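If you want the building blocks of each chain, they are given just below.
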Amino acid sequence: MALCVTDTARALACRDGKAATNLKLISTFVIFFTSVIGITLPVLLARLLFHGKPVHDKAILIIKCFAAGVILSTSLVHVLPDAFGALSDCQVSSRHPWKDFPFSGLVTLIGVLTALLVDLTASSHVESHQNRDNEYVAVGTSEELGIVSKKIDVEQQQREAEELVKLKQRLVSQVLEIGIIFHSVIIGVTLGMSQNQCTIRPLVAALSFHQIFEGMGLGGCIAQAGFSFGTTAYMSFMFSVTTPMGILLGMFVFSITGYDDTSPNALILEGLLGSLSSGILIYMALVDLIALDFFHNKLMSGQPFLKKISFIALVLGSTSMSILALWA
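Residues numbered from 1 in each chain as written. Predicted model: local features only at pLDDT ≥ 70, side-chain atom pairs only at ≥ 80, totals over all residues. Heavy atoms only, no water.

- Per an unreviewed UniProt entry, the chain goes by the name Zinc transporter 6, chloroplastic and belongs to Datura stramonium.
- According to UniProt, the comment filed for the chain under the heading Sequence similarities (unreviewed entry) is "Belongs to the ZIP transporter (TC 2.A.5) family." (UniProt positions renumbered as here; feature names shortened; annotations may be inferred.)

What to know about the side chain of Ser 73
Logical step 1: Mapped onto the elements of the fold, Ser 73 is located in helix H3 (residues 56-88).
Logical step 2: Owing to a relative accessible area of 4%, Ser 73 belongs among the buried residues under this scheme.
Logical step 3: Looking at Ser 73, its side chain comes within polar contact range of the side chain of Ser 322, at 2.8 Å.
Logical step 4: Apart from residues no more than four positions distant in its own chain, Ser 73 is found in contact with His 78, Ser 318, Met 321 and Ser 322. (Helix = DSSP H or I, 4+ residues; strand = E, 2+ residues; numbered from the N terminus. Buried < 20%, exposed > 50% of the residue type's maximum accessible area, 1.4 Å probe, protein only. Polar contact = N/O pair within 3.5 Å; in protein donor to acceptor, adjacent residues only side chain to side chain. Contact = heavy atoms within 4.5 Å.)

Here's the deal with the UniProt feature "transmembrane region" (unreviewed entry) in the chain
Logical step 1: Using the residue numbers shown here, the UniProt feature "transmembrane region" (unreviewed entry) corresponds to residues 25-49, 61-81, 101-122, 175-194, 200-222, 234-256, 276-297 and 309-327.
Logical step 2: Measuring from the first to the last C-alpha atom of residues 200-222 gives 31 Å, for a span that is 100% helix and 0% strand.
Logical step 3: Between the C-alpha atoms that bound residues 309-327 the distance is 29 Å, and the span itself is 79% helix and 0% strand.

Structural notes on the pattern of salt bridges
Logical step 1: By the definition in use, this model includes one salt bridge.
Logical step 2: Of the charged contacts, one joins Lys 64 and Asp 293 as a salt bridge, the two residues approaching to 3.5 Å between their closest N and O atoms. One end of the pair, Lys 64, is in helix H3; the other, Asp 293, is in helix H9 (residues 264-296), and 229 residues separate them in sequence. Residue Lys 64 shares its accessibility class with Asp 293, and that shared class is buried. (Salt bridge = Lys/Arg side-chain N within 4 Å of Asp/Glu carboxyl O.)

Side note on helix H8 (residues 229-257)
Logical step 1: Across its 29 residues, H8 extends 41 Å between first and last C-alpha, which sits within 8% of the 42 Å expected from 1.5 Å per residue.
Logical step 2: At Thr 242, H8 is deflected by roughly 35°, the largest bend along its length, and proline Pro 244 occurs up to four residues later in sequence. (Expected span 1.5 Å × (residues − 1). Bend = angle between axes of the 7 residues up to and from the residue.)

Overview of empty space enclosed by the protein
Logical step 1: For the structure on display, the rule yields one cavity of 30 Å³ or more.
Logical step 2: Reported here for the largest cavity is a volume of approximately 40 Å³.
Logical step 3: Secondary-structure elements contributing two or more residues to the lining of the largest cavity are helix H5 (103-133), helix H6 (142-193) and H9. (1 Å grid on protein atoms, 1.4 Å probe; cavity = no way out; pocket = protein on both sides within 12 Å on 5 of 7 lines; lining within 4 Å. Points joined across faces, edges and corners; volume = space filled by probe spheres on them.)

Considering the packing of aromatic side chains
Logical step 1: Applying the stated criterion across every chain, the model contains two aromatic pairs.
Logical step 2: Here a set of aromatic residues connected by ring pairs shows up, and it is made of Trp 98, Phe 101 and Phe 103. (Phe/Tyr/Trp six-rings, centres within 6.5 Å; stacked < 30°, edge-to-face > 60°.)

Side note on the nonpolar core
Most often, soluble globular proteins keep nonpolar side chains buried together rather than apart.
Logical step 1: Ile 71, Leu 176, Ile 180, Leu 218, Ile 222, Met 284 and Leu 289 are the most contacted members of the largest nonpolar core, which totals 38 residues.
Logical step 2: When residues of this core are traced back to their parent elements, those giving at least two are helix H2 (17-49), H3, H6, helix H7 (197-225), H8, H9 and helix H10 (304-323).
Logical step 3: If we ignore the near neighbours within four places in the chain, the residues touching Leu 176 are Ile 71, Leu 218, Cys 221, Leu 281, Met 284 and Leu 289. (Core = buried A, V, L, I, M, F, W, Y, C linked by side-chain atoms within 4.5 Å.)

Some remarks on the packing of H3 against H9
Logical step 1: Between H3 and H9, the least distance of the axes is 8 Å, while the angle of their chain directions is 155°. Taken as axis vectors, H3 and H9 run roughly antiparallel relative to one another. Our pair here, H3 against H9, has a crossing hand that is left-handed.
Logical step 2: Looking at the contact of H3 with H9 residue by residue, the classes come out as 22 nonpolar, seven polar and four charged. (Axes fitted to C-alpha atoms, helices over the stretch in contact; angles between N-to-C directions. Parallel < 35°, antiparallel > 145°, perpendicular 65-115°, else oblique. Left-handed = near helix turned anticlockwise from the far one by under 90°. Nonpolar A, V, L, I, M, F, W, Y, C, P; charged D, E, K, R; others polar.)

As structure tokens, this is what we get:
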């Protein structure tokens, strides 16, 4: 059986409820502000700086590749190790059934398959809906119908392909935000229940940069999807308030119940939700962002320079988010 050993003197010195509460209240405003900056930056660049210009699509593609790197790094370097660590804690790993099976990997797999199922279901629904809408009755001579139908088929196929791509991009953005919200709620609640000021202080600074990069990732996808102003504002608002609301929720739960964020039940919940979120983000980053852009995007074909720039953006996004793992 594993033994839990902690530095009791240091832990007691760092546990200051009043100081921790003040830090957490400040963190809600700081994290909200940095979240707004992160998610609105790519959206504003797309709408104000690049909109209507020839480089618009290429600029959005590069931003999205940076976003894909951020999301992939978030899932593999931040979320999954934290979830694995929570379920590997000696208070959890010494119990049945947690010591008998790698549940973090299993739940991550469930997250991947769930994201795939949602993707397949939504895509099938969109395609079937379009097929019903495209039914029409043709009138005219056979020669006229032959010429006209060829033109209509080509134009219609082009419109359908463009619309399917746009709908796919919107679906990706929405599912991606769901995965990020899972992750943000976990971060917020965990921080809100913590009474360790030594942990909270550096964590707030690291989370601020974390929210900027993660917001840029989601914002890049939203910008490419071309949502209406209302939908864009709503998605940006939801991302910006999720972590601060999670912090307030964690503070409320602790004040009512005195619930310890280091208890076995809290660690199990954190580990399971983190693993599920990680699976969703891994699928979205690899399948719906990286593979879709590098192998199925028309802009990439025949433009080696754009591919190189996009790959560099992908690496920069991954590197930026990975470096933050040193602090959070």
